[in-house]
Structures are given as structure tokens and as C-alpha cells.
Amino acid sequence: MFSENIITDPGSVDIFPASRIPNHLHHLFKPIYGSGSRDNIKEKGFRITTEPGTLSSILQWTSDAEVRKMAYIKGNSVPHANCAVLDKLIAARHEIAQLCPNMASSPEVVMSFLLEMSKIVRPKVDEEFKAVRDFKKKKTGQICEDLEPWDEAYFTGMMKSSAYNLDSSVVASYFPLHQCIEGLKVLVESLFGATFHMIPLAPGESWHPDVLKMSLHHPEEGDLGYLYLDLYSRKDKYPGCAHFAIKGGRRLSETEYQLPVVALVCNFSGSHGKSSARLNHWEVETLFHEFGHALHSLLSRTEYQHFSGTRVVLDLAETPSNLFEYYAWDYRVLRKFSRHYSTGEVIPEKLVESMQGAKKMFAATDLQRQIFYALIDQTLFGEQLSSQRDTTSVVADLKREHTNWKHVEEGTHWQTRFNHLLNYGAGYYSYLYAKCFAATIWKKVCQEDPLSSTTGTALRTKLLQHGGAEDPSDLLTDLTGDGILQFRDGGIVPDLTSLCDEMKL
């Protein structure tokens, strides 16, 4: 019901005249015509559906602040029906949350970790916020004009472009999809000495003609598992990108092992023709993230499939996926597979340095946003809310306290289309646990030589192959040594040192 409402009620705003919308976005919207104007010619406009993807394009590219404001408010005021659904979810989830084991062990431990992170990140966020505010004043010539929530994507995007002269279409030209698949092959071959082989699908095995099947093969161990790839977007397909475990690995007998079978489902655009689809770099990062989950499943060797691969405690589950995001940013990895779609030129190191620089520009603000999301999730689902508090006032208070951005009072209830509240009730903090754990693993195990077999052997034998069958704190400590976690009030929190060093906090 929650997800259905998000899809069926995305909201829309009508904008006149059409010239208020940037030309390169016109293809996204439905043309509409107003009542007759001068010479009885009807004025052309656009109906903007404010679903998240479209809304983010409007907020990033539209120079007209009033259009951004209208789209922002509408997009954050739907679907209203989810206000009641969320209240019911909270009541039910609180009971379930008491039953789920995790490293943190209690909402109090999670909350202390989130508040500590919020405090650490704040000074850097204040600097970033001031830089955006000063940039806006310079661009608009309005000395006393304040920053609005619908300004963030527009002005930070402009600042990144002017600082690093980055053009997303130039970046995408180095990431044709078939080369990105080669990148996944580079990872398994370099790290684990294994290879992916395309294998034919049996009649009726595939759910769509686009689906490919690969076996992960090791020269000494034989086949390790099977991976389905369903990468292109199409009508009525599962939205976003995700890893699905179709069959978990398990011991069948002394000599026989049931091999894991997983699927990577993405929604990459095939607008350049499917043979030459090109990815934005954030899509490459997403592909590597989901591939981290897939490797966790494929390399797992547990006795029981209940513990296979990603079937681990919630606050460890996102660690391999976050770790493999680092591989999508490291030039030593990118130069192995990133090639220009027409010339075959290897991606220039200078371009990658610009991409890395742009990523770092507002990294503290991005981290603060994730902390804010986790605080909302934890406050709504981790604690027993008093019946007087409605979710919108909880979100408004947390936004004022833990971010630099205003809360818009005009009927907005952003939380009613934050789907992660459905999937992760009281568990969204696990992304931040994973971010910290991955930063430490990258620094201590991978950074020196990210593609070496030594690195791969450590990752496989000390983390990935165990799935959820071993104590997660033992696995992490065995992999990195001390300095990856801390014990606090009967629970476990990540050590923040590596992440803070990396982000210069």
C-alpha cells in the first residue's frame, strides 16, 4: 500500500509558459495548452509529474526559482494517503523491531551513534552551507536572500560544474554498459582468480528477453555460482537497482554443495540503443554497489542457506556493497575497463580527478542528509512514539535540529514517499554503519593495492565466504585488526576514525 501510493500519486504541477523549463528536459513532460491569449493562440506549457527522478531533474537544471519551489512543494506533499499508512506501520514495526538481532543491540546505542556523527559532521556542513549561500548571493545579486531547500541541487550542481568543468555526458561516454560489465569481470579475475562466462538460458528460464546469465567459474574450484543480469529499464519493471538472492548456497552432503543463484536488477536507460547504452557515473557506482551484494552471495560457503550471503545481521548487510563503491572511484580500477564508446580511449586520469573533486565538494552535506534520514527512521520506528506526535512534526523538528536547511511548512510531508521507511524500519542507520566499516576496510585492506589477489583472498576468506554464519564483530576484527568497531552500552558501534580521516572531518 505504501509503495503503491507513491507510484499512483506522484503529484504534478502545471507550468506556463513552456520556456520556463530548460529545453533539454522538454521530452520528460506532457505539453499542455492554456486558454487563448494574444491573437487567440493558446499558450503552451508543461505538466510536470513530480515523481522523484523527474523532480530531481527540475531541481538541478531549472534556473526559474519559482518553478523549482512549486515542484519541490508538490513533490514533498504527496501521497497524502501515506500519512495514515505510516502511522499503522509504526505501531506494527515497533513490535517486530524488538525481535530482530543486530550489532547495535538497542535503539539507545543507535541513537548515541547517530548523534555523535551529527555533531562531528556539523562544522564542515556549516562551511559548505555558507559557500552555497555566498554563491547564490553572487549569482542573484540579492545580498539578503536566504537559501531555500529547492536551491540546493541547482546551486551545488552549478558550483561543481564551474569548479571542475565537468560535463555528465562526457563522463558517460567513457562508461558504455558493455565495458562496465567488463569492469565486473576485472574485479573477480584480479581479486579472486575467477572468471564470468556467459551461459545459454534454458527454454522458459528467463523472465524477459533482455536477461543474461553468467556463471562465476574458478579454475581449481569449478563453478562458484550463477548471476542473472537484468539491466535495462522497461515499463512495469521493479524500479531502481537491487540484488536478489534466488537460491542460497548450502551444504547438501560431504561432497556436494548447492551453488548460490542471484540476480542483479537495474533500470539503465537504453536510449542510445541497447548495444551502446552509456551510464552516468552514479549509475556505475550503483552497479558496483549491487555487485558487492552479489559477490557476498556468490562467494558465500555456509552450511545452511539461511545464513548464505547477505543473510546477515542488518547492520553488516550493506558493508560489502559500500566497500565495492570505492572500486568505482579508484583510477587504478577504472583504467582497466573504462573506455570511450567510439574511440576506445582509456578514461583520462585528469577527468577522474575532477570527478573525485566534485564528489568531495559537498560530501559532508550528503553525509548529514543520511544521518538525518537515519534519525527520522530511528525516531519513528526505534522508539515508542507518544500518540500525540504526528510524523510530520517529528521530521520538521529533526530537520531544524540536525540540518542547515529550512523545513517547508506549506503542507509538506516528505516522509510519506521515503520508501526506505518501509524496507528498513528502524534499520536505516545500517547504511551509516556500513559506510564507516567500509572506510576502515578500504583503508586497512584494499587501498594499497585494491586489485591484488592478496586483497581478494583477505576479503573472501575473512568476510564474504562466511555470510551470516559467524559473529559479525569477529569477522570485521579478523579482517582489519583493531580500530574498526567499539563496544558501547552493551552494543557495537563503528569506529569513525577512517571515515573522518577520509572526509577531513
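Structural data are supplied above this passage.
Residues numbered from 1 in each chain as written. Predicted model: local features only at pLDDT ≥ 70, side-chain atom pairs only at ≥ 80, totals over all residues. Heavy atoms only, no water.

(A) Fine view of the overall build of the chain. Along its length, the chain carries 20 helices and 12 strands. Since a compact globule built from 505 residues should have a radius of gyration of about 23 Å, the 24 Å found for the chain is in line with a globular shape. Across its three principal directions, the C-alpha atoms of the chain cover 85 × 55 × 45 Å. Counting every position in the chain, which comprises 505 residues, the buried fraction comes to 51%. Of the contacts formed within the chain by residues at least 6 apart in sequence, a portion of 72% connects residues at least 24 apart. For the chain, the computed accessible surface area is about 23,500 Å², with 51% contributed by carbon and sulfur atoms. Charged side chains in the chain number 53 positive and 63 negative. The centres of these two groups are separated by 6 Å. (Helix = DSSP H or I, 4+ residues; strand = E, 2+ residues; numbered from the N terminus. Rg over C-alpha atoms; globule rule 2.2 N^0.38 Å. Buried < 20%, exposed > 50% of the residue type's maximum accessible area, 1.4 Å probe, protein only. Contact = heavy atoms within 4.5 Å. Areas by Shrake-Rupley, 256 points an atom, 1.4 Å probe, with all protein chains shown as cover. Lys, Arg positive; Asp, Glu negative; His and termini not counted. Charge placed at Lys NZ, Arg CZ, Asp CG, Glu CD.)

(B) Seen up close, helix α19 (residues 472-480). Within the sequence span of α19, burial applies to P472, S473, L475, L476, L479 and T480. Projection of α19 onto a plane perpendicular to its axis shows the buried side chains occupying an angular sector of 160 degrees, all on one side. Of the surrounding elements, those touching the buried residues of α19 are α10 (314-317), α17 (429-446), α18 (453-462), β11 (485-488) and β12 (491-494). Backbone geometry just downstream of α19 places G481 in the positive-phi region, at approximately 80 degrees. (Arc of directions from axis to C-beta.)

(C) Seen up close, the sheet that holds strand β6 (residues 222-232). Taken in spatial order, the five strands of this open sheet run β4-β5-β6-β10-β7, and their pairing is mixed. Looking along the sheet, the strands with just one partner apiece sit at the ends: β4 (195-198) and β7 (242-247). The average undirected angle you get between the axes of adjacent strands in this sheet is 30 degrees. Examined bridge by bridge, β6 and strand β10 (residues 261-268) share six bridges and lie parallel to one another. The partner of Y226 across the bridge, within β10, is V261. Each of β4, β5 (212-218), β6 and β10 is contacted by helix α8 (residues 177-192), which is oriented at about 135 degrees to β4, the strand it contacts most. Relative to the sheet, helix α9 (residues 281-298) contacts β4, β5, β6, β7 and β10, its axis offset from that of β10 by approximately 170 degrees. (Pairing = 2+ DSSP bridges. Axes fitted to C-alpha atoms, helices over the stretch in contact; angles between N-to-C directions.)

(D) Focus on the pattern of salt bridges. Overall, the coordinates contain 22 salt bridges when judged by the stated rule. Of the charged contacts in the structure, one is a salt bridge between K406 and E148, with a shortest N-O distance of 2.9 Å. In this pair, K406 is assigned in the loop between α15 (391-402) and α16 (420-423) and E148 in the loop between α5 (107-140) and α6 (152-164), connecting sequence segments 258 residues apart. Among the ionic pairs, D366 bridges to R369, the shortest N-O distance being 2.9 Å. (Salt bridge = Lys/Arg side-chain N within 4 Å of Asp/Glu carboxyl O.)

(E) Representation of the packing of aromatic side chains in the model. Across all of its chains, the model carries 24 aromatic pairs by this definition. Connected via pairs of aromatic rings, a cluster forms that spans F372, Y373, W414, F418, Y428 and Y431. It is K213 that lies over the ring of Y226; its NZ or CZ is 5.1 Å from the centre. Just above the ring of Y341 sits the side chain of R278; from NZ or CZ to the centre is 3.7 Å. (Phe/Tyr/Trp six-rings, centres within 6.5 Å; stacked < 30°, edge-to-face > 60°. Lys NZ or Arg CZ within 6 Å of the ring centre and 35° of its normal.)

(F) Local environment of the packing of α6 against helix α13 (residues 349-361). It is at 10 Å that the axes of α6 and α13 come closest, and there the two elements cross at 145 degrees. In this structure, α6 crosses over α13, and the sense of that crossing is right-handed. Contacts between α6 and α13 involve M159, K160, A163 and Y164 on the former and, on the latter, S354, G357, A358 and M361. Taken together, the residues that form the contact of α6 with α13 break down as five nonpolar, two polar and one charged. (Left-handed = near helix turned anticlockwise from the far one by under 90°. Nonpolar A, V, L, I, M, F, W, Y, C, P; charged D, E, K, R; others polar.)

(G) Geometry of the pairing of β10. Most of β10 sits inside the fold, with seven of its eight residues counted as buried. Direction of pairing for β7 relative to β10: antiparallel, over a ladder of five bridges. Looking at the pairing, A245 lines up with V262 of β10.

(H) Structural context of the nonpolar core. One finds F175, L227, F291, Y327, I441 and L459 to be the most contacted residues of the largest nonpolar core, which totals 111 residues. Ranked by residue count, the leading element in this core is α17, at 11 residues. Once you skip the residues sitting within four places of it in the chain, F291 turns out to touch L184, L187, V188, F196, L227 and L264. In terms of nonpolar packing, the next biggest core, distinct from the first, is built from 17 residues, A18, F46, V67 and W150 among them. (Core = buried A, V, L, I, M, F, W, Y, C linked by side-chain atoms within 4.5 Å.)

(I) View of the side chain of E128. Summarising the element assignment, E128 is placed in helix α5. For E128, which is buried and forms no salt bridge, the nearest opposite charge comes from K124, at a distance of 4.7 Å. Polar side-chain contacts of E128 include one of 2.5 Å to the side chain of T365. Setting aside anything within four residues of it in sequence, one finds E128 in contact with K360, M361, F362, A363, A364 and T365. (Polar contact = N/O pair within 3.5 Å; in protein donor to acceptor, adjacent residues only side chain to side chain.)

(J) Quick look at a negative patch on the surface. On the surface, E470, D471, D474 and D478 cluster together to form a negatively charged patch. Tracing the sequence through the fold places D478 in helix α19. Look at D478 and you get partly exposed, because its relative accessible area is 47%. (Patch = residues over 30% accessible without salt bridge, like charges linked within 9 Å, V, L, I, M, F, W, Y side chains within 5 Å.)

No statement about biological role is implied by the geometric values presented.
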